[in-house]
Protein chains: 2
Amino acid sequence: MTYCVGLLLEAGMVLLSDTRTNAGLDNIATYRKMFLFEEPGERVIGILTAGSLSVTQTTLARLRDAIEDSDASGETSIMLAPSMLKVAEIVGNTLAHVRQDIDARMEASKVSTSASMIVAGQRRGGAMRMFLVYPEGNFIEATEDTPYLQIGEHKYGKPILDRVVTTATSLDEARKAVLLSMDSTLRSNLSVGMPLDFAVIEKDACKVSLRRRIQKEDPDFTRMSHAWSDALREGFSRIEI
Amino acid sequence: MTYCVGLLLEAGMVLLSDTRTNAGLDNIATYRKMFLFEEPGERVIGILTAGSLSVTQTTLARLRDAIEDSDASGETSIMLAPSMLKVAEIVGNTLAHVRQDIDARMEASKVSTSASMIVAGQRRGGAMRMFLVYPEGNFIEATEDTPYLQIGEHKYGKPILDRVVTTATSLDEARKAVLLSMDSTLRSNLSVGMPLDFAVIEKDACKVSLRRRIQKEDPDFTRMSHAWSDALREGFSRIEI
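Reading guide: rules and limits
- Residues numbered from 1 in each chain as written.
- Chains lettered and ligands numbered in written order.
- Predicted model: local features only at pLDDT ≥ 70, side-chain atom pairs only at ≥ 80, totals over all residues.
- Heavy atoms only, no water.
- Least-squares fit on C-alpha atoms with pLDDT ≥ 70 in both.
- Contact = heavy atoms within 4.5 Å.
- Helix = DSSP H or I, 4+ residues; strand = E, 2+ residues; numbered from the N terminus.
- Buried area = accessible area lost by both parts, 1.4 Å probe.
- Salt bridge = Lys/Arg side-chain N within 4 Å of Asp/Glu carboxyl O.
- Pairing = 2+ DSSP bridges.
- Axes fitted to C-alpha atoms, helices over the stretch in contact; angles between N-to-C directions.
- Buried < 20%, exposed > 50% of the residue type's maximum accessible area, 1.4 Å probe, protein only.
- Parallel < 35°, antiparallel > 145°, perpendicular 65-115°, else oblique.
- Left-handed = near helix turned anticlockwise from the far one by under 90°.
- Nonpolar A, V, L, I, M, F, W, Y, C, P; charged D, E, K, R; others polar.
- Core = buried A, V, L, I, M, F, W, Y, C linked by side-chain atoms within 4.5 Å.
- Phe/Tyr/Trp six-rings, centres within 6.5 Å; stacked < 30°, edge-to-face > 60°.
- Lys NZ or Arg CZ within 6 Å of the ring centre and 35° of its normal.

Novice: Describe the relation of the copies chain A and chain B, listing the residues and the values that go with them.
Specialist: Between the two copies, chain A and chain B, the superposition gives an RMSD of 0.0 Å; the rotation angle is 180 degrees and the shift along the axis is 0.0 Å. Considering both components of the superposition, the chain copies are consistent with a two-fold axis. Closest approach to the rotation axis among the C-alpha atoms of chain A is made by A:Tyr156, whose C-alpha sits 2.4 Å away. When the interface residues of chain A are mapped onto chain B, 100% of them again fall at the interface, so both copies present the same face.

What follows is the structure in structure tokens.
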């Protein structure tokens with residue numbers, strides 16, 4: 001499994017993904033699940049993926065092919081699409097087609113493949129937008145009321161987001177929130193694992209403002225994780241029954 | 001859905017369940033999911049249920065019939081069974097049979113029913129034991145390493161248990177832990193709802209030491225819930241990035 005989360009805030013967008021991929025418990029590997037596309041100052045797009053690796057890799061490969069194609073147009077390339085809505089449509093259509101292709105091959109073995117994605121971005125002159133693309137290619141969008149989207153193992157890390165994240169949350173606080181949301185997920189679910197990929201896209205920058213791979217021994221993440229454990233235990237012990 | 005949790009501690013056992021049952025989002029009702037059986041000083045058994053209401057209700061009805069049957073024996077009645085292991089076996093067998101009966105009726109409509117249960121108890125002279133009974137009737141047991149069992153929507157409320165509960169946790173702290181675990185679940189999942197049923201079985205008492213229904217407006221639960229929110233927000237804001 002996977003855990004990916006994206007926040008759409010007034011100050012910008014924050015993306016976080018893990019990297020664990022497993023086919024059974026005895027076949028664990030590290031694969032990137034965050035993909036960043038940018039033409040600095042013009043357009044930035046971040047895609048987070050969850051689900052069948054064969055589906056997500058093929059979808060990303062086709063999206064890249066379409067960008068590099070000599071006939072690339074606003075209908076086919078996410079880097080030329082006239083709006084973020086169109087970007088989400090292109091990703092959704094590509095994902096749906098890849099799934100159909102792979103499912104057709106898998107039919108004999110009665111296995112079904114599935115994948116979902118978070119697509120976030122901004123083009124110059126447009127607004128920041130963030131979408132959750134479902135396996136069928138349809139999608140929903142993050143709004144002021146619900147400024148975050150999650151894919152994969154989303155339940156463990158939802159309570160902390162529900163409590164602390166609003167659209168007014170600063171990018172620093174947002175970074176803390178997604179890392180602690182991931183920390184809760186890592187502790188409770190083996191199928192989500194380090195290292196993590198983290199990115200910040202500041203509003204109207206139209207580029208990736210910060211990108212970082214957080215390794216297992218990362219001192220900042222470890223300190224934050226311990227501080228959160230301590231804060232929870234202390235808060236817990238202070239509550240009167 | 002449902003959320004039920006049981007803790008098996010050195011000092012005793014703590015049980016908590018919600019009461020929401022839904023058939024779709026437009027058909028919500030309140031049903032008890034905690035069932036307590038006792039012969040004070042001799043034997044106490046608590047059963048928590050999750051899953052298809054027709055399965056859990058029929059299973060409980062058959063367990064009660066077996067207790068009251070004039071031919072009741074240690075092989076059929078959970079109140080006469082010679083060990084808690086045997087109690088878990090009787091519950092598991094009854095559950096598996098009920099499921100088979102109901103699934104046979106449902107076959108035409110391609111609907112499958114399922115249910116799982118937590119069975120906790122102690123008989124005089126025996127040890128406290130707690131089992132999670134799967135839909136197929138097999139079961140696992142809580143141990144020192146993992147002193148809690150959950151059924152239903154267990155993911156939201158798992159992080160807090162993972163962090164604060166050990167077998168040495170006192171019954172008061174345990175009460176706080178399960179209520180806050182439930183609080184996180186209630187906030188993040190609509191299919192889990194108040195009121196709650198709470199019970200404590202002290203070690204070697206062989207009776208229900210405390211049982212309480214916690215209503216939606218319960219002042220203690222509300223205060224604890226707010227205090228926990230405050231503690232989380234405060235702990236969160238104190239962590240340096």
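Novice: An account of unusual backbone geometry is requested, with residue identities and associated values reported.
Specialist: Glycine aside, a negative phi is what most residues show, and trans is what most peptide bonds show. Residue and element names in this part refer to chain A. In this chain, Met-194 is followed by Pro-195 through a cis amide linkage whose omega measures -5 degrees. As for its position among the elements, Pro-195 is in the loop between α4 (171-188) and β11 (196-202). Positioned with a positive phi, Asp-204 is a non-glycine residue whose angle comes to about 65 degrees. Within the secondary structure, Asp-204 is located in the loop between β11 and β12 (210-214).

Novice: I'd like a rundown of the interface of chain A and chain B, residues and numbers included.
Specialist: Across the boundary between the two partners, chain A contributes 35 residues, which contact 35 residues of chain B. Between chain A and chain B lies a buried interface of about 3400 Å² when both sides are counted; carbon and sulfur atoms form 62% of it. Of all residues in chain A, the largest losses of buried area upon contact with chain B belong to A:Arg163, A:Phe236 and A:Ile241, amounting jointly to 27% of the total for that side. Run the count over chain A and chain B and you get 6 salt bridges.

Novice: Pulling in residues and values, what's your account of the sheet that holds strand β1 (residues 3-8) of chain B?
Specialist: As a general point, the strands of a sheet are linked pairwise by backbone hydrogen bonds and lie either parallel or antiparallel. Residue and element names in this part refer to chain B. Reading across from one edge, β10-β1-β2-β11-β12 is the order of the 5 strands in this open sheet, with antiparallel pairing throughout. If you trace the sheet from one side to the other, it starts and ends with β10 (148-152) and β12 (210-214), each paired once. On average, each strand axis in the sheet is tilted by 10 degrees relative to the strand beside it, whichever way the strands run. Helix α4 (residues 171-188) contacts β1, β2 (12-17), β11 (196-202) and β12 of the sheet and is inclined by roughly 20 degrees relative to β2.

Novice: Outline the environment of B:Glu75, listing residues and values.
Specialist: If you trace the backbone, B:Glu75 turns up in the loop between α1 (53-68) and α2 (84-106). Considering only alpha carbons, one finds B:Glu75 and B:Val87, 12 residues apart in sequence, at a separation of 8.8 Å.

Novice: For the pattern of salt bridges, give the residues involved together with the corresponding values.
Specialist: Counted under the stated rule, the structure contains 41 salt bridges over all chains. With its nearest N and O atoms 3.4 Å apart, the salt bridge here joins A:Asp183 to B:Arg163. Taken together, the positions of A:Asp183 in helix α4 and B:Arg163 in helix α3 (residues 158-164) put the pair across two chains. Residues A:Asp183 and B:Arg163 agree in their burial class; the two are buried. Among the charged side chains, a network of salt bridges with common partners joins A:Glu234, A:Arg238, B:Glu234 and B:Arg238.

Novice: Please give an account of the packing of helix α1 (residues 53-68) of chain A against helix α2 (residues 84-106) of chain A that cites residues and values.
Specialist: Residues and elements named next belong to chain A. Two numbers describe how α1 lies on α2: the axes approach to 9 Å, and their chain directions differ by 130 degrees. Judged on the interaxial angle alone, α2 and α1 are oblique. For the crossing formed where α1 meets α2, the hand is right-handed. Counting all contacts with α1, which are made through Ser-54, Val-55, Thr-58, Thr-59, Arg-62 and Leu-63, the residues of α2 involved are Ile-90, Val-91, Thr-94, Leu-95, His-97, Val-98, Arg-99, Asp-101 and Ile-102. Partitioning the contact of α1 with α2 into residue classes produces 7 nonpolar, 5 polar and 3 charged.

Novice: Please set out the sheet that holds strand β2 (residues 12-17) of chain A residue by residue, giving values where relevant.
Specialist: All names here are of chain A. One open sheet accounts for 5 strands, arranged β10-β1-β2-β11-β12; its pairing is antiparallel. With one partner strand each, in any of the chains shown, β10 (148-152) and β12 form the two edges of the open sheet. Sheet twist, expressed as the average angle between the axes of neighbouring strands with direction ignored, equals 10 degrees. Running over the sheet, α4 touches β1 (3-9), β2, β11 and β12 and is turned about 20 degrees from β2.

Novice: Mind laying out the nonpolar core, listing which residues take part and the relevant values?
Specialist: A:Leu7, A:Trp228, B:Leu7 and B:Trp228 are the most contacted members of the largest nonpolar core, which totals 63 residues. Among the elements that take part in this core, α4(B) stands out by supplying 8 residues, more than any other. Each residue touching A:Trp228, except ones within four places of it in the same chain, is listed here: A:Ile160, A:Leu180, A:Asp183, A:Ser184, B:Arg163, B:Leu232, B:Gly235, B:Phe236 and B:Ile239.

Novice: So what about the packing of aromatic side chains? Which residues, and what values?
Specialist: As enumerated under the stated definition, the model contains 4 aromatic pairs over all chains in all. Here A:Phe131 and A:Phe139 contribute two aromatic rings whose centre-to-centre distance is 5.3 Å and whose plane-to-plane angle is 75 degrees, an arrangement assigned as edge-to-face. Given the relative accessible area of 25%, A:Phe139 is considered partly exposed. With a centroid separation of 6.4 Å and an interplanar angle of 85 degrees, the aromatic rings of A:Phe236 and B:Trp228 are classed as edge-to-face. Taken together, the residues A:Phe236 in helix α5 (residues 219-238) and B:Trp228 in helix α5 (residues 219-238) connect one chain to another. Above the face of the B:Phe236 ring, A:Lys176 is positioned so that its terminal group lies 4.7 Å from the ring centre.

Novice: Quick one: what's the story with the environment of A:Glu217, residue by residue and with numbers?
Specialist: Tracing the backbone shows A:Glu217 in the loop between β12 and α5. On a C-alpha basis, the gap between A:Glu217 and A:Met194 in space is 9.3 Å, while along the polypeptide they are 23 residues apart.

The values are spatial; any link to function lies outside them.
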